[in-house]
Amino acid sequence: MKALVINRSPARFLTARILKDRLTDKAIESGPLNLKDVDPPKAPTNEWVRVRPLLSGICGSDIATVFFQSSRYFEALTSLPFTPGHEIVGERLDRPGERVVVEPALTCAIRGLAPCRFCASGQTQLCESTTIGDLKEGIQLGYCASTGGGWSNEFIAHERALHSVPEDLSLEDAVMVEPLACAIHVSLRPTHQQGHLAIIGAGTVGLSTLAASTTLGDYDSITVVAKHPLQRELAKRLGATTVLYPEDLLGAARRLHASQRVGHYVSNGYDIVIDAVGSSSSIESAIAAVRPGGEVIVAGMPPRQSLDLAPLWHREVQLKGAYAYGEEDLTPAVAQRIGLTIPTGQRPRTFAIALHLAGRLQLGQLVTHRYRLGEYVPALRKAYHGGREDAIKVVFDLTKRKSVHDG
Ligand SMILES: [Zn+2]
Ligand SMILES: [Zn+2]
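Figured I'd write up the structure that's included with this text. Please read all numbers here as calculations on a predicted model, not as lab measurements. Residue positions are counted from 1 within each chain, in the order its sequence is given. Both sets of labels track the order of writing: A upward for chains, 1 upward for ligands. Restriction of local features to residues with pLDDT of at least 70 applies here, the model being predicted, together with a cutoff of 80 or more for giving and counting side-chain atom pairs; totals for whole chains, interfaces and linings are based on all residues. Side-chain numbers come from the whole structure's heavy atoms, not from hydrogens or water.

### Focus: the sheet that holds strand S8 (residues 194-200)
And step 1. Read from one edge of the open sheet, six strands run S10-S9-S8-S13-S14-S15, paired in parallel fashion. In the strand order of this sheet, the two ends are held by strand S10 (242-244) and strand S15 (318-321), each with one partner. On average, each strand axis in the sheet is tilted by 20 degrees relative to the strand beside it, whichever way the strands run. Between any two strands, pairing holds if DSSP finds at least two bridges. Secondary structure elements follow DSSP: runs of H or I of four or more residues count as helices, runs of E of two or more count as strands, with numbering from the N terminus. To get an axis, a line is fitted to the C-alpha atoms, and for a helix only the part in contact is used. The angle between two axes follows their N-to-C directions and goes from 0 to 180 degrees.

### Some words on the coordination of the zinc ion (ligand 2)
And step 1. Any N, O or S atom lying within 2.8 Å of the metal counts as a donor, with the limit raised to 3.2 Å for Na, K and Ca; because water is left out of the atom set, some sites can appear incomplete. Distances from the zinc ion (ligand 2) to its protein donors, Cys108 (SG), Cys116 (SG), Cys119 (SG) and Cys127 (SG), fall within 2.3 to 2.4 Å.
And step 2. With four donor atoms in place around the zinc ion (ligand 2) and angles of 101 to 118 degrees between them, the coordination shape is tetrahedral. Here a site with four donors is tetrahedral if all angles are between 85 and 135 degrees, and a site with four or six donors is square planar or octahedral if opposite donors are over 155 degrees apart and the other angles are between 65 and 115; anything else gets the irregular label.

### Things to note about the coordination of the zinc ion (ligand 1)
And step 1. Within the first shell, the zinc ion (ligand 1) binds the protein through Cys59 (SG) and His86 (NE2), at distances of 2.1 to 2.3 Å. Of this pair, cysteine 59 sits in the loop between strand S3 (48-57) and helix H3 (60-66) while histidine 86 sits in the loop between H3 and strand S4 (88-92); the two residues are 27 residues apart in sequence, bridging distant segments of the chain. We note that cysteine 59, like histidine 86, is buried. Exposure is judged per residue with a 1.4 Å probe applied to protein chains only, and the accessible area is read against the type maximum: over 50% gives exposed, under 20% gives buried, and values in between give partly exposed.

### Focus: the pattern of salt bridges
And step 1. In the sections that follow, a salt bridge refers to a side-chain nitrogen of Lys or Arg positioned within 4 Å of a carboxyl oxygen of Asp or Glu. Inspection of every chain in the model, using the stated rule, returns 19 salt bridges.
And step 2. Of the charged contacts, one joins lysine 320 and glutamate 295 as a salt bridge, the two residues approaching to 3.1 Å between their closest N and O atoms. Pair noted here: lysine 320 is in strand S15 and glutamate 295 is in strand S14 (residues 290-298), with a separation of 25 residues, a long-range link.
And step 3. According to the relative accessible area criterion, lysine 320 is buried, its value standing at 15%.
And step 4. Overall, glutamate 295 belongs to the buried group, its relative accessible area being 8%.
And step 5. If you follow the salt bridges from partner to partner, you end up with Arg92, Asp94, Arg95, Glu98 and Glu159 in one network.

### Some remarks on helix H7 (residues 204-216)
Residues lying three or four places apart along an α-helix face the same way, a consequence of the helix completing one turn every 3.6 residues.
And step 1. Any helix carries an expected span of 1.5 Å times its number of residues minus one. Relative to the 18 Å expected for 13 residues at 1.5 Å per residue, H7 spans 18 Å between its end C-alpha atoms, a close match to the ideal helical length.
And step 2. Taking burial as the measure, the 13 residues of H7 include eleven buried ones, the bulk of the element.
And step 3. The set of residues buried in H7 consists of Thr204, Gly206, Leu207, Ser208, Thr209, Leu210, Ala211, Ala212, Ser213, Thr215 and Leu216.

### Side note on empty space enclosed by the protein
And step 1. Only protein atoms enter the 1 Å grid used here. Points where a 1.4 Å probe fits but cannot escape make up a cavity, open sets with protein on both sides within 12 Å along at least five of seven lines make up a pocket, and a residue lines them when an atom lies within 4 Å of a point. Grid points are joined across faces, edges and corners, and a volume is the space filled by probe spheres set on the points. Counted by the stated rule, this structure contains two cavities of 30 Å³ or more.
And step 2. Estimates place the volume of the second largest cavity at around 30 Å³.
And step 3. Trp48, Glu103, Pro104, Ala105, Leu106, Ile110, Leu141, Ala157, His158 and Ala161 are the residues that line the second largest cavity.
And step 4. Note that Gly is not counted as nonpolar here; it falls among the polar residues with everything else outside the nonpolar set of Ala, Val, Leu, Ile, Met, Phe, Trp, Tyr, Cys and Pro and the charged set of Asp, Glu, Lys and Arg. A per-class count over the lining of the second largest cavity returns eight nonpolar, one polar and one charged.

### Description of helix H13 (residues 350-361)
And step 1. Of all the positions in H13, only Thr350, Phe351, Ile353, Ala354, Leu355, Leu357, Ala358 and Leu361 are classed as buried.
And step 2. Two residues form a contact once any of their heavy atoms are found within 4.5 Å. Lining the buried residues of H13 we find strand S5 (99-102), strand S7 (162-164), helix H5 (171-175), helix H6 (177-187), H7 and helix H12 (332-338).

### Thoughts on unusual backbone geometry
And step 1. Look at the link from leucine 80 to proline 81: it is a cis peptide, with omega at -10 degrees.
And step 2. Located in the positive-phi region is alanine 258, a residue other than glycine, with phi close to 45 degrees.
And step 3. Position of alanine 258 relative to the elements: it lies in the loop between helix H9 (249-256) and strand S11 (261-262).
And step 4. A relative accessible area of 68% means that alanine 258 is categorised as exposed.
And step 5. Of note in this structure, aspartate 390 is not a glycine but carries a positive phi near 55 degrees.
And step 6. Inspection of the secondary structure assignment puts aspartate 390 in the loop between helix H14 (376-385) and strand S17 (393-397).

### Considering the packing of H6 against H13
And step 1. The N-to-C vectors of H6 and H13 enclose an angle of 110 degrees; their axes lie 8 Å apart at closest approach. Between H6 and H13, the crossing angle belongs to the class labelled roughly perpendicular. Viewed along their axes, H6 and H13 form a crossing whose handedness is right-handed. In contact with Val177, Glu178, Leu180, Ala181, Ile184 and His185 of H6, H13 contributes Thr350, Phe351, Ile353, Ala354, Leu355, Leu357, Ala358 and Leu361. Should an angle fall under 35 degrees it is taken as roughly parallel, and over 145 as roughly antiparallel, whereas 65 to 115 is taken as roughly perpendicular and any remaining angle as oblique. Should the near helix be turned anticlockwise from the far one by less than a right angle, the crossing is termed left-handed; should it be turned clockwise, right-handed.

### Focus: the nonpolar core
And step 1. Nonpolar core, defined: a set of buried Ala, Val, Leu, Ile, Met, Phe, Trp, Tyr and Cys residues in which side-chain atoms within 4.5 Å join the residues together. Formed by 61 residues in total, the largest nonpolar core has its most connected members in Ile184, Leu207, Leu210, Val224 and Leu330.
And step 2. For this core, the leading source of residues is H13, giving seven residues.
And step 3. Discounting residues that sit within four places of it in the chain, isoleucine 184 has contacts with Ala212, Leu216, Thr350, Ile353, Ala354 and Leu357.
And step 4. Of all hydrophobic cores here, the second largest spans 28 residues; its members include Phe67, Tyr143, Leu373 and Phe396.

### Focus: the environment of methionine 1
And step 1. Among the secondary structure elements, methionine 1 is positioned in the segment before strand S1 (2-6).
And step 2. Spatially, the C-alpha atom of methionine 1 lies 6.7 Å from that of proline 40, the residues being 39 residues apart in sequence.
And step 3. Among residues more than four places away in sequence, those in contact with methionine 1 are Lys36, Asp37, Val38, Asp39, Pro40, Pro41, Ser152, Asn153 and Glu154.

### A short note on the packing of aromatic side chains
And step 1. Classification of ring pairs rests on two measures: the distance between centres of Phe, Tyr or Trp rings, Trp counted by its six-membered ring, which must be within 6.5 Å, and the angle between planes, read as stacked under 30 degrees, edge-to-face over 60 and tilted in between. Using the criterion set out here, one finds three aromatic pairs in the structure.
And step 2. Centroid distance tryptophan 151 to phenylalanine 396: 5.2 Å. Interplanar angle 65 degrees. Geometry classified as edge-to-face. Of the two residues, tryptophan 151 is situated in the loop between helix H4 (117-120) and strand S6 (155-158) and phenylalanine 396 in strand S17; the sequence distance between them amounts to 245 residues.
And step 3. Seen in terms of ring centroids, tyrosine 325 and phenylalanine 351 are 5.0 Å apart; in terms of plane orientation they differ by 85 degrees. Their pairing is edge-to-face. Taken together, the residues tyrosine 325 in the loop between S15 and H12 and phenylalanine 351 in helix H13 connect sequence positions 26 residues apart.
And step 4. Given a relative accessible area of 1%, phenylalanine 351 falls into the buried group.
And step 5. Whether a charge lies above a ring is judged from NZ of Lys or CZ of Arg, which has to be within 6 Å of the ring centre and within 35 degrees of the ring normal. Above the ring of tyrosine 245, the side-chain terminus of arginine 232 is found at 3.6 Å from the ring centroid.

Scope: geometric values only; no functional claims are made or implied.
Structure, rendered in structure tokens:
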């Protein structure tokens, strides 16, 4: 079968790194990712199911990994060679025609282990065991040599990781369930989802978080910082109160409470700022625009970088990471508002909330470009350039549809 495979070759990584600023097709071809004929992955136990991907998204973290922009922290949490792809809608090979989305986290239950303390408390995103058990190292399917990933014609997934796709959900809405689950988790990370919220960045993470925050939060206003025309249009369509260019954020923060500008900061500002870019400048902008005592949520995978943390210290700003999904604390009022029934004493899984909201939010509208597996060079180039080239979510189309270039 065909699969895109990453195998570490320092020289290849280096080439990709040097050339990353002017990303030519040649740079991608000489990078660490190649299309190969490989054997399908073997199931470690009979609880594993073979799945054929139909659509498989390219995530920002995939791009960072392919182009060696990700933090070295991540290296120990993957195993080589691996096939990327963790945003997947596919078809079970043991039940032809049954469409599934994959919850890709490779946590204790999936690895055949007794739950660690975090899995036991429902915080599976904090699992301690993503490097041991039945599988090789890997935080998720799509970063693990044992499972394969979505950028291929076949991979394996644990039975527990598969969720049936409702009949009336489009493939595009279904492939966005995983990013939506991430966005739901991000939107529920602030201690209170109230007051004035700003979201910096309007790629998939920023726009999905906007959609989740309008639905789950109770904000007075939601401001989105977006650079590019399609991002700005989608931010308005998905319910942003205000859409700003990056240079206008601080002024808008100041006007919220008629506060003072103090150097690069304002004396009061947004209650919560979500950083959906993950660069040092976006995180510094977030810290500058948040009110003293406010919360900054880091939603995208940041690379290694340097930050001025003096204002964080002085203004008692909380900086919180938000990774993946697990279980969520939904108040009964919010659960009722979105029509989600939660059995007494239970907390809903983030994925269950995402599946529940997927049809309503229709994030399939963020899928702007589709490519065949063999077209991975233009696909990665498009995903790398993102909003600059009017791309939001780029996906591999592994269906047998004749034409995929309709997005
Ligand atoms: Zn992702
Ligand atoms: Zn665990």
